[in-house]
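Working through the structure, step by step
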Amino acid sequence: MKSICFYFQVHQPFRLKTYRFFNMGHDHYYYNDFENSHIMSRVAQKSYLPMNDLLLKLFKKHGKDFKVAFSLTGHAIEQLELYAPEVIQSFKKLADTGNVEFLAETYAHSLASLRSKDEFFKQVELHSNKIESLFGVRPTTFRNTELIYSDEIGSLIHEMGYSLMLTEGAKHVLGWKSPNFMYCNAREPKLKILLKNHTLSDDIAFRFSNHGWSEWPLTAEKFTDWLSSLDKNEDVINLFMDYETFGEHQWRETGIFDFMAALPAKILKTKKFKFSTPAELGKELQTIAPIHVPYPISWADEERDITAWLGNEMQDEAFNKLYDLEPKIKNCDNQEILTDWYRLQNSDHFYYMCTKWFSDGDVHKYFNPYNSPYEAFINYMNVLSDFTMRVEENCQKSDSEKIIEKVDELSKDISTAAKKAVKNTRKKVQDIIATNKPDSASFDRIKELSNAKIKTLLKEIDAENLLYALQDATDEVRDKVLPNLTKTAKAEYDRLSEGIKKIRKSDIAKSRKIIAEKISRFFS
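So, how was this worked out
- Residues numbered from 1 in each chain as written.
- Predicted model: local features only at pLDDT ≥ 70, side-chain atom pairs only at ≥ 80, totals over all residues.
- Heavy atoms only, no water.
- Helix = DSSP H or I, 4+ residues; strand = E, 2+ residues; numbered from the N terminus.
- Rg over C-alpha atoms; globule rule 2.2 N^0.38 Å.
- Buried < 20%, exposed > 50% of the residue type's maximum accessible area, 1.4 Å probe, protein only.
- Areas by Shrake-Rupley, 256 points an atom, 1.4 Å probe, with all protein chains shown as cover.
- Domains from an automatic or database assignment.
- Axes fitted to C-alpha atoms, helices over the stretch in contact; angles between N-to-C directions.
- Parallel < 35°, antiparallel > 145°, perpendicular 65-115°, else oblique.
- Left-handed = near helix turned anticlockwise from the far one by under 90°.
- Contact = heavy atoms within 4.5 Å.
- Nonpolar A, V, L, I, M, F, W, Y, C, P; charged D, E, K, R; others polar.
- Pairing = 2+ DSSP bridges.
- Core = buried A, V, L, I, M, F, W, Y, C linked by side-chain atoms within 4.5 Å.
- Salt bridge = Lys/Arg side-chain N within 4 Å of Asp/Glu carboxyl O.
- Phe/Tyr/Trp six-rings, centres within 6.5 Å; stacked < 30°, edge-to-face > 60°.
- Lys NZ or Arg CZ within 6 Å of the ring centre and 35° of its normal.

So, on to the overall build of the protein chain. When its secondary structure is counted, the protein chain shows 24 helices and 10 strands. Here the C-alpha atoms of the protein chain give a radius of gyration of 26 Å, agreeing with the 24 Å that 2.2 N^0.38 yields for 524 residues. Structurally, the protein chain occupies a C-alpha span of about 85 × 60 × 40 Å along its principal axes. Across the 524 residues of the protein chain, 52% fall into the buried class. Carbon and sulfur atoms form 51% of the exposed surface of the protein chain, whose accessible area is close to 25,100 Å².

In structure tokens, the structure reads:
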């Protein structure tokens, strides 16, 4: 019997207040309490409470035949405790039925998995502790922020002891394969992977109330017919979506609650399906193949990648400056600073800086407190500047920083002659390297460029030169360049890769020299 797996994401960030240059140095409270309280109270009344009440009724009606899974971020829980504690109580009632699984994720709904293993692990532990303290059960299934996943991230999840995680069934990853099976991590086959069926999920989450959609109106009967028409040999249909879909993204007037009230009975009546939680599927289903995801994917936007958060220079700068503070934060015991550290990691802050105002513009505007991504960037960097000053003042230096300081002090005592000798030796070594590998050394500087600059550079390079130049390049260079190719360019690159059997060293050197000349202008 085929399984249906419903998973709902609950998250709200701590939105920042308008924070100007003149606030720095004396105003260390960064949050818009009024806006945060207003939004959380509104969503609680329109979505969380009525939908929790509906689920409780469905659990009583169908018993163990109907089940769902949730992920509640740490910051959503904090705001519910502050502004809508009755929602926490309603989730506890759902937990008491035994029909709900709560998943693990990052406490701060952060992008830590893309930057810091230590911070990532710490936040997952913090989140699991919070879920266990509230609902009396420790999560055994993992979902990362915005379903972000790659082979490398999967390895980290396996290292933490998880055997199952959720991610997006991205078309550019699956190709001809179906998302309706259990897969496994390409590096750690013991880590099972459940993939979102984005077509059926988005029919509910995004298209339900769209009168211009050819399938509108969507009824429980029609949706059940779609499920029944799928390949009978498939194992599972994963319907993953934001919990705000019900009542907030899709208002009550659209009929979304009536749809969900009728859907379980319609599906169960067919005798073809059962409802399962992710943990149950992890025990029941065998993997059919590894899924290869060398570059991070997510459930955001049409591209299903991470460019919604790290796709332009503003986002890169804000992200890097924030995580550059991590070594000092590790030595910090100031609770107010640690609280701000987690809240400033909310992925939403970087999402607000996204400049992809075309097909996904409406999504990026939702609950966005800023008029433009540039305003979001300036406001965040003002806050981050003040936060950095507080960290510098209150957090002890790490051992590595102390060593560097000591080295700097010792260097002042070195004689002028010794300094000159070291400088000359260094110059000779650099000249030798430059003589022997002029193009490669210059070409390797591509990894120092931001993603935005690499995208600009790639527009000027044909696929053949890029293929030659990346031959025998380091993984660091390849991982920096390839994710920034457009879909068309990547397709052409892959086509050439399959057709070219052998590349001469002279062609590699020639291509690297061409690209190195283009790179040089970014450093002039």
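What follows covers the domain arrangement of the protein chain. Segmenting the protein chain into domains produces domain 1 (2-13 + 31-306), domain 2 (312-396) and domain 3 (437-523). Each of domain 2 and domain 3 has a C-alpha centre, and these two points are 31 Å apart.

Moving on, we get to the packing of helix α11 (residues 313-323) against helix α16 (residues 373-394). At a closest axis distance of 10 Å, the pairing of α11 and α16 adopts a crossing angle of 15°. Our classification of the angle between α11 and α16 gives roughly parallel. In the crossing of α11 with α16, the sense of the turn from one axis to the other is left-handed. Of the residues in α16, those in contact with Met314, Glu317, Ala318, Lys321 and Leu322 of α11 are Pro373, Tyr374, Phe377, Tyr380, Met381 and Leu384. The residue makeup of the contact of α11 with α16, split by class, is nine nonpolar, no polar and two charged.

This brings us to the pairing of strand β7 (residues 192-196). In terms of burial, β7 is a largely internal element, five of the five residues being buried. Bridge analysis of strand β5 (residues 164-168) against β7 gives five bridges, and the strand direction is parallel. When the bridges of β7 are listed, Thr167 appears paired with Leu195. Where strand β6 (residues 182-185) and β7 come together, three bridges link them in antiparallel fashion. Its bridge partner lying in β7, Met182 is registered against Leu194.

Counting 63 residues, the largest nonpolar core has Ile291, Trp309, Phe350, Tyr380 and Phe387 as its most contacted members. Those elements that provide at least two residues to this core are α4 (117-135), α5 (151-159), α6 (171-174), β7, α11, α13 (335-343), α14 (347-351) and α16. Among the elements that take part in this core, α16 stands out by supplying eight residues, more than any other. Two domains each donate at least three residues to this core, and these are domain 1 (2-13 + 31-306) and domain 2 (312-396). Ignoring sequence-local partners within four residues, the contact set of Phe350 consists of Leu111, Ala308, Trp309, Gln315, Ala318, Phe319, Leu322, Leu344, Gln345 and Tyr380.

All chains considered together, the criterion is met by 30 salt bridges. With a shortest N-O distance of 2.7 Å, Glu132 and Arg138 are connected by a salt bridge. We note a salt bridge from Asp203 to Arg207, for which the minimum N-O separation is 2.7 Å. Classification of Arg207 by relative accessible area gives partly exposed; the value is 26%. Taken together, the shared-partner salt bridges connect Glu168, Lys196, Asp202 and Arg304 into one network.

This structure, assessed with the given rule, holds 34 aromatic pairs. Seen in terms of ring centroids, Tyr19 and Tyr30 are 5.4 Å apart; in terms of plane orientation they differ by 80°. Their pairing is edge-to-face. Taken as a pair, Tyr19 in the loop between β1 (2-10) and α1 (33-62) and Tyr30 in the loop between β1 and α1 lie far apart in primary sequence, 11 residues in all. Grouping residues by exposure puts Tyr19 and Tyr30 together as buried. Summarising the aromatic geometry, the rings of Tyr243 and Phe246 are spaced 6.4 Å apart at their centres and angled 70° between planes, so their arrangement reads as edge-to-face. Taken as a pair, Tyr243 and Phe246 share a single burial class, namely buried. An aromatic cluster of at least three residues, connected via ring pairs, comprises Phe6, Phe8, Tyr48, Phe59, Phe66, Phe70, Phe91, Phe102, Phe135, Tyr243, Phe246 and Phe275. The ring of Trp299 has Arg143 sitting right over it, with the charged end atom 5.5 Å from the ring centre. Here Lys177 stacks its cationic end above the ring of Trp176, 5.5 Å away from the centre of that ring.

Moving on, we come to the packing of helix α2 (residues 74-83) against α4. Between α2 and α4, the shortest axis-to-axis distance is 10 Å and the interhelical angle comes to 40°. It follows that α2 is oblique to α4 by the angle criterion. Across the interface between the two elements, Gly74, Ile77 and Glu81 of α2 pack against His127, Lys130, Ile131 and Leu134 of α4. Of the residues in the contact of α2 with α4, the class split is three nonpolar, two polar and two charged.

Mapped onto the fold, Leu114 is located in the loop between β3 (100-102) and α4. For Leu114 and His349, which are 235 residues apart along the polypeptide, the C-alpha to C-alpha distance reads 16 Å.

On to the environment of Ser41. By secondary structure assignment, the location of Ser41 is in helix α1. Overall, Ser41 belongs to the partly exposed group, its relative accessible area being 27%.

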